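Commentary on secondary and tertiary structure
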Amino acid sequence: QMSNSSSVTHFLLLAFADTRELQLLHFWLFLGIYLAALLSNSLIIIVIACDHHLHTPTYFFLLNLSLLDVGSISTTVPKSIANSLWDNRAIPYTGCVAQVFLFVLFIVAEFSLLTVMAYDHYVAICKPLHYGTLLGSRACVHMAAAAWGSGFLTALLNMANTFSLPLCQGNAVDQFFCEIPQILKLSCSKSYLRDFAVLVVTLCLGLGCFLFIVFSSVQIFRAVLRIPSGQGRHKAFSTCLPHLAVVSLFVSTGMFACLKPPSISSPSLDLVVTVLYSVVPPAVNPLIYSMRNQEFKESI
């Protein structure tokens, strides 16, 4: 069994289309999305870094979010774009390992950071008098470091588990990047218990973050409904509702990708779900969190 695994030198990624015209359409579409995500997130990073008026906890977390978005979309999309352009499906074994590690790192760190941002919103609206003490510069750095650290450890755990399994079901991955559920399908190992344990640890982290975000959002809405001014209420809702929408999209599509039963699995459904949690958030986060923000617009 192990000899089969060690003989895999590369994986074959999912080709988006059979015809050249559709391959080129995919190339231009993904290139457009990638450049838009790259430019908008880079703009946010530069503006926040350069304008000292924006050196506040909220913008510090936004800067980290943009760094993570650039990282996650750069891990998956450029390889897919290149494969469509050159009509090639191969990715080296080491490239696949790197994709799994980096993608999990950025996605888990981003979700942890969205949880930290929910806490930032909660303190700003529910405990405004304690904002300076609860979210001092040291606390902010610790929270951001915890988000990156949780991503790193989860990535290490998932990578070690995924690539320690012997592979005997070929080397064709039914996805446009090396996605863990698709690689586990190629395994001939029956170590379901270990896979399940790693999945449970990852999902518990995700569920814990999600429940915290929902809880803090409920507290915020309760506080907001007591605000007499319509403008203050609108500002609070316009901050929290998009945040909740992003998190819900993230959680629902991510959990569906990991937990869906094989009976409802189809290549096109898998593809749509994966694009929703891996490509859409980095492209739309800048619009949701920064470009609608008056303070940020003035800085630009």
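Rules used in this analysis
- Residues numbered from 1 in each chain as written.
- Predicted model: local features only at pLDDT ≥ 70, side-chain atom pairs only at ≥ 80, totals over all residues.
- Heavy atoms only, no water.
- UniProt positions renumbered as here; feature names shortened; annotations may be inferred.
- Axes fitted to C-alpha atoms, helices over the stretch in contact; angles between N-to-C directions.
- Helix = DSSP H or I, 4+ residues; strand = E, 2+ residues; numbered from the N terminus.
- Parallel < 35°, antiparallel > 145°, perpendicular 65-115°, else oblique.
- Contact = heavy atoms within 4.5 Å.
- Nonpolar A, V, L, I, M, F, W, Y, C, P; charged D, E, K, R; others polar.
- Phe/Tyr/Trp six-rings, centres within 6.5 Å; stacked < 30°, edge-to-face > 60°.
- Buried < 20%, exposed > 50% of the residue type's maximum accessible area, 1.4 Å probe, protein only.

- Looking at an unreviewed UniProt entry, one finds the protein named Olfactory receptor 14J1, with Podiceps cristatus as its source organism.
- Recorded in UniProt under Subcellular location (unreviewed entry), the annotation for the protein is "Cell membrane".
- The Function (unreviewed entry) comment attached to the protein in UniProt states, word for word, "Odorant receptor."

1. A word on the packing of helix α9 (residues 230-259) against helix α11 (residues 280-291)
- At a minimum axis separation of 11 Å, α9 and α11 run at an interaxial angle of 175°. Considering the angle they form, α9 stands roughly antiparallel to α11. Contact residues: α9 offers Pro242, His243, Val246, Leu249 and Phe250, while α11 offers Val280, Pro281, Asn285, Ile288 and Tyr289.
- Here the contact of α9 with α11 is built from residues that sort into 8 nonpolar, 2 polar and no charged.

2. Looking at the packing of aromatic side chains
- All chains considered together, the criterion is met by 12 aromatic pairs.
- With 5.7 Å between their ring centres and 20° between their planes, Phe11 and Tyr93 make a pair best called stacked. A residue pair is termed long-range when its members are at least 10 positions apart, and Phe11 in strand β1 (residues 10-12) and Tyr93 in helix α4 (residues 93-126) qualify at 82 residues.
- Judged by centre distance (6.0 Å) and plane angle (50°), the ring pair of Phe103 and Tyr277 falls under tilted. A residue pair is termed long-range when its members are at least 10 positions apart, and Phe103 in helix α4 and Tyr277 in helix α10 (residues 267-278) qualify at 174 residues. The same class applies to Phe103 as to Tyr277, namely buried.

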